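Residues per chain, in single letters:
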Amino acid sequence: MKAVRLHEFGGPDVLRYEEVPDPRPRKDQVLVRVRACSLNHLDIWVRKGLPGVNLPHILGSDIAGEIAEIGEYVTGFQTGQRVLLAPMHFCGRCAKCVAGLQNQCREFTVLGNGVDGGNCELIAVPAVNVIPIPDSLDFNQAASVPLVFLTAWHMLVGRAGIRPGQTVLVLGAGSGVGIAAIQIARMFHARVITTAGDEKKLEKGRALGADYGIDHYKQKISQEVRKITNKEGVDIVVEHVGAATWEESMKSLKPGGTIVTCGATTGPNAAFDLRFLFFAPAQFPRILHGHNG
């Protein structure tokens, strides 16, 4: 089959389009013919170089396609069926996996990160990763769903325990995680405040269900949040920007509020005033890591 592989880390010039052996699925796996694989920021980070990535390597976490072959032990699927892939890799046998905590498995990683991904014609995955695509989505649309919705769902539902009636601040209305988080928060009947760098992105955020929009270039996020919430602050902040927004995210929380974080796009070294924690215990926030783990 054809695949795009890395043999070294670097810029886009390290990507090579080449022939590689076709994967052979195990009896508990499904072979999928890839029809679409979207670009995730993770692809850029891996291409530039991340620990634990063995070369040569195939990028691509967000995969949609058609079932080409079904392993002997697999039931419930048909050849030619349109599917997307949940982009996780785990052993399925350890105590954490058996308990339903696959993201804590020692082998846990994401397709296209610690194991080969979908920038290729064929990929073999366990049947548990295979999800049918509804008729309302084409392959390109389906390939935009997996990693960002998995991450946003884990942040809001798995980690923050979102409840109806809460107020959620979602940073980056135009980002993949932001787009997913707005829709998930609305599904739980939460009030949503979102941020973006221009009115066009804010309009799209409102169209997805955000109640309020903040232009982070023209307005101070925490000040606008206080105005919107009558000085109360928000219950949950979906934070994935990093150093540039961390202090504003902290200041936007109500007492006992929760920050869930999954990214550091503007830098990993975020800081805040520790006195905010120990001088005012009632203000103590929960800070949770939300990226699939």
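A quick note: this is a predicted structure, and the numbers were derived from the prediction, not measured. (Residues numbered from 1 in each chain as written. Predicted model: local features only at pLDDT ≥ 70, side-chain atom pairs only at ≥ 80, totals over all residues. Heavy atoms only, no water.)

Judged by pairing direction, the sheet is antiparallel, and its five strands sit side by side in the order 9-3-5-6-10 without closing on themselves. Only two strands of the sheet have a single partner each, and these edge strands are strand 9 (122-126) and strand 10 (130-132). Across this sheet, the average inter-strand angle for adjacent strands is 45°, counted without regard to direction. (Pairing = 2+ DSSP bridges. Helix = DSSP H or I, 4+ residues; strand = E, 2+ residues; numbered from the N terminus. Axes fitted to C-alpha atoms, helices over the stretch in contact; angles between N-to-C directions.)

So, on to the sheet that holds strand 4 (residues 57-58). Pairing within the open sheet is antiparallel, and its three strands lie in the order 2-1-4. One side of each edge strand has no neighbouring strand; the edge strands of this open sheet are strand 2 (15-19) and strand 4. Relative to strand 4, strand 1 (residues 2-6) is paired through two bridges, and the arrangement is antiparallel. Across the sheet, the residue bridging to Arg5 is Ile58, located in strand 4.

Now for helix 6 (residues 199-208). For helix 6, the N-terminal capping position is held by Asp198, with its side-chain oxygen 3.1 Å away from the main-chain nitrogen of Lys200. Where helix 6 ends, the next residue or the one after it, Gly209, has phi of about 130°, a positive value. (Polar contact = N/O pair within 3.5 Å; in protein donor to acceptor, adjacent residues only side chain to side chain.)

Note on placement: Arg5 falls in strand 1. For Arg5, the side chain forms a polar contact with the side chain of Glu18, separated by 2.6 Å. Among all residues touching Arg5, those that are not within four sequence positions of it are Val14, Leu15, Arg16, Glu18, Val20, Pro56, His57 and Ile58. (Contact = heavy atoms within 4.5 Å.)

All right, on to the pattern of salt bridges then. Overall, the coordinates contain 13 salt bridges when judged by the stated rule. In this structure, the salt-bridge partner of Glu248 is Lys220, at a minimum N-O distance of 3.4 Å. Of this pair, Glu248 sits in helix 8 (residues 246-251) while Lys220 sits in the loop between strand 13 (212-215) and helix 7 (221-228), placing them 28 residues apart in sequence. A relative accessible area of 11% places Glu248 in the buried class. Relative accessible area serves as the criterion here: at 40%, Lys220 is assigned to the partly exposed category. Between Lys227 and Glu224 there is a salt bridge, with the nearest N and O atoms lying 3.3 Å from each other. Here Lys227 pairs with Glu224, and both are found in helix 7, just three residues apart, close to one helical turn. Judged by relative accessible area, which is 16%, Glu224 ranks as buried. (Salt bridge = Lys/Arg side-chain N within 4 Å of Asp/Glu carboxyl O. Buried < 20%, exposed > 50% of the residue type's maximum accessible area, 1.4 Å probe, protein only.)

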